[in-house]
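Coordinates in review
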Amino acid sequence: MTKMTNNNPLLSVRGLHASAGDLEILNGVDLEVNAGEVHAIMGPNGSGKSTLANVLAGRPDYTVTAGQAIYDGEDLLALEPEIRARMGVFLAFQYPVELPGVRAWQFLKAGVDARRQHHGEEELSARDFDRLLREKVQMVEIDPELVRRAVNEGFSGGEKKRNEILQMAVLEPRLALLDETDSGLDIDALRIVSDGVNKLRSQDNATVLVTHYQRMLNYIRPDKVHVLLDGRIVRSGGPELALELEEKGYDWIREAASYE
Amino acid sequence: MTQAPTRHERYFADHQALAAASPGPAWLDTLRAAGWERFNAIGFPTARRGNERWKYTAVAPIARVNFAYPFLPPDNVGGPEPDFGFAAVSAAADFDGETGDAIRQHLGRLASFEDDGFAALNTAFLRDVAVVRVPDGSGAPVAVRVNHAATDGPDVEQRYARHPRTLILAGRNANLTVIETYTGPPGPRYFTNAVTEIVVSEGAQVDHYRLLNESPAAYHVGVTRVHQARDSSFSSASFALGTALARNDFAVTLDGPGAYCSLNGLYYTGQGQHIDNLISIDHAQPHCTSRLNYKGILDGNSRAVFGGEVLVRRNAQKSDAQQTDKNLLLSEDAEVDSKPSLLIYADDVQCSHGATAGQIDAQTLFYLRSRGLDLAAASRMLISAFAREIVNTVKPQPLRDYLDSLFDRNIAVKTLPVGR
């Protein structure tokens, strides 16, 4: 069923330009992500890293003005957000939305069933979904009580981020985009969230971590690190690049980039 | 008897025919006649001359039709509604029977028709009265339902008005649940002119559910008057599916220290429909608590009016009152006029009010879509979640399940505008 061969990346972004209203935010992003890889996108505030993740997931606030993104052989940017999700793209929100009155169970089952239908599979029975959810709740070490409540309603910041990881675990994406999932987490929550991400890593899926800080990368070891500045990737490297950034700050990159 | 000239000849003729066909005890005949006189004097309300109570709702569609009284048997307790496992109360009250004295004592006492043409008209046509009465000191739970079902009248060309009346008397320490439903055939533009009076005695607890599930083309004017004594508790949830014109005039008087009321409402209106909720709470005594929470879902070019009037009188210290009205607009053409108001004359009180009207938030919609739900599924999930807050206040499980599916079924999601 999959159109991917070993030679093709899971995600290939070329010359991506995007704007919000009159504001150009992405100015030609190139990025290739292979199955089995973890990429970290780092950069100062306003560099466009969250925009990149959101554009790939289809957030309607942005307009793509040029470039393309091929995911699993498909023109990702031509697809509605829900189709992207059903094809295995997942965005962990920087600010997860509270859904008063929407039970987590119902919400997650609808997502799982939408994806299954897209792939020509039957909806899960309530019993099978119960089992799946229980298993994932244990996997990501989330308080089972949170699943019984309305989605994110009255959750603390850390609980919301954990809940994003639970959703990711349940939906089993092939391409997970984590938008500053580490921000606002205390050290315990950061460990739990990171453990969840690590447990979900496999040779078939890929993760793109968008982060301002290096500290999450102590827990999730990336294969590649990219630095985004003014809407373009100005430098790529291995995990050591993250440490260098932590040490020297983003000004160093900015200066280095201006000479290139 | 009344022989004053009238602009309402059809109503007058029917009123007289009713008095002749269904003569009651003298007190009832007198009450009917007084209702007619008042209606004939003041007629239907108009929005002119600063009539704040009818500022946003024109009753001309009702006033200009000569609705006839159908003279059908009163006992329409069956109806299409499920019974929710509750015993039915007939609308054929026996005015001479055992409870006759109680009826005489209370009927028309709370629902004053001095300034209310609709209540006056209802009183002029007093016949179909459903009486629910729990005597003093009987604390055993009582659960009943009253279904005022409109049926097609004898002449298919004629348009009919019915004037259902409900009298609920909860004695001291009573524990009473009442489901009051209004139903009717889907087609005709009939008019339901309902009045309900509820007496909640000291220490009594009453759960009251009111469901408007009439023809989408019907007119419905409902007046509900509640009087609460010391340490009583009154919880109400009013549900309304859209009709051409609906008015829910609901007033509670907290008339004894320690009284508590919780008034919840959920309304849905579609293309061409109009609903007007006027909810009044009178904190007449100290140490009372009131909660008012109404929610509306508006589609098409429909319009909703919400007036919340909380009055805290000067002696009503330690009053605690909250009111909110939230509206979800499914269409660019829908309109809501929400006017929550507080009139506070005491100085040691806790009161708050708020109103919102808006479309489904774009960020929220994207969150659901990013999990694989398409626009229609996401919208449905969010709309039913919005409604569920009110549906969840319903305690009897069969009624809650019924309302859940009733609103899910009736709320159409055609095109959903996305607010930013």
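Before going into details, it helps to say that this report is about the structure given with it. Just so it is clear, the model here is predicted, and its values are computed rather than measured.

Observations concerning the interface of chain A and chain B
Taken together, the contact pairs 33 residues of chain A with 17 residues of chain B. Both sides of the chain A and chain B interface together cover about 2,000 Å² of buried area, and 60% of this is carbon and sulfur. The tally of links from chain A across to chain B stands at 12 residue pairs in polar contact (both at pLDDT 80 or more). Put simply, the parts of the chain that give the side of chain A that touches chain B at least two residues each are α1 (49-57), α2 (81-86), β6 (89-92), α3 (104-118) and α6 (157-171) of chain A. Tallying contributions element by element places α3(A) first for the side of chain A that touches chain B, with 5 residues. Looking at the side of chain A that touches chain B, its residues break down into 19 nonpolar, 7 polar and 7 charged.

Description of the packing of α3(A) against α6(A)
Residue and element names in this part refer to chain A. In contact at an axis separation of 10 Å, α3 and α6 are set at 35° when each is read in the N-to-C sense. Viewed along their axes, α3 and α6 form a crossing whose handedness is right-handed. Across the interface between the two elements, F107, L108, G111, V112 and R115 from α3 touch L166, Q167, V170 and L171 from α6. When the residues that make up the contact of α3 with α6 are grouped by side-chain class, the tally is 6 nonpolar, 2 polar and 1 charged.

Let's talk about the environment of D325(B)
Tracing the sequence through the fold places D325(B) in strand β16 (residues 320-329). Setting aside residues no more than four positions away along its own chain, D325(B) makes contact with Y267(B), Y294(B), K295(B), F306(B), S338(B), G354(B), A355(B) and T356(B).

Details of helix α5 (residues 117-124) of chain B
Residues spaced three or four apart along an α-helix point in a common direction, a consequence of the helix completing one turn every 3.6 residues. All names here are of chain B. Within α5, 8 of the 8 residues are buried, which leaves the element mostly enclosed by the surrounding structure. Within the sequence span of α5, burial applies to G117, F118, A119, A120, L121, N122, T123 and A124. For α5, the secondary structure elements touched by its buried residues are α1 (9-21), α2 (26-42), α3 (60-63), β5 (165-170), β7 (191-200) and β9 (219-228). Regarding α5, its N-cap is D116, as a side-chain oxygen of that residue lies 3.0 Å from the backbone nitrogen of F118 further along.

Some remarks on the sheet that holds strand β4 (residues 63-71) of chain A
Residue and element names in this part refer to chain A. Taking strand neighbours across the sheet as the criterion, the 4 strands line up as β2-β1-β4-β5 in an open arrangement whose pairing is antiparallel. Looking along the sheet, the strands with just one partner apiece sit at the ends: β2 (23-33) and β5 (74-75). In the sheet, strand β1 (residues 11-20) pairs with β2 via 8 bridges, with the strands oriented antiparallel. Bridging from a neighbouring strand, S12 pairs with E32 of β2. Against the sheet, α1 engages β1, β2 and β4, with an angle of about 75° to β2.

Some words on the pairing of strand β3 (residues 38-42) of chain A
Residue and element names in this part refer to chain A. Most of β3 is tucked away: 5 of the 5 residues are buried. Neither face of β3 is open: one carries V38, A40 and M42, the other H39 and I41, and all of them are buried. Bridging between β3 and strand β8 (residues 206-211) involves 5 bridges; their strand directions are parallel. Residue pairing for β8: M42 is matched across the bridge by T211.

With respect to the nonpolar core
All names here are of chain B. In this structure, F239 and I297 are the most contacted members of the largest nonpolar core, which totals 116 residues. In terms of residue count, the dominant contributor to this core is helix α7 (residues 375-391) (9 residues). Counting residues in each nonpolar core, the second largest holds 47 residues, with L212, V226, V310 and A346 among its members.

The rules behind these values
Residues numbered from 1 in each chain as written. Chains lettered and ligands numbered in written order. Predicted model: local features only at pLDDT ≥ 70, side-chain atom pairs only at ≥ 80, totals over all residues. Heavy atoms only, no water. Contact = heavy atoms within 4.5 Å. Buried area = accessible area lost by both parts, 1.4 Å probe. Polar contact = N/O pair within 3.5 Å; in protein donor to acceptor, adjacent residues only side chain to side chain. Helix = DSSP H or I, 4+ residues; strand = E, 2+ residues; numbered from the N terminus. Nonpolar A, V, L, I, M, F, W, Y, C, P; charged D, E, K, R; others polar. Axes fitted to C-alpha atoms, helices over the stretch in contact; angles between N-to-C directions. Left-handed = near helix turned anticlockwise from the far one by under 90°. Buried < 20%, exposed > 50% of the residue type's maximum accessible area, 1.4 Å probe, protein only. Pairing = 2+ DSSP bridges. Core = buried A, V, L, I, M, F, W, Y, C linked by side-chain atoms within 4.5 Å.

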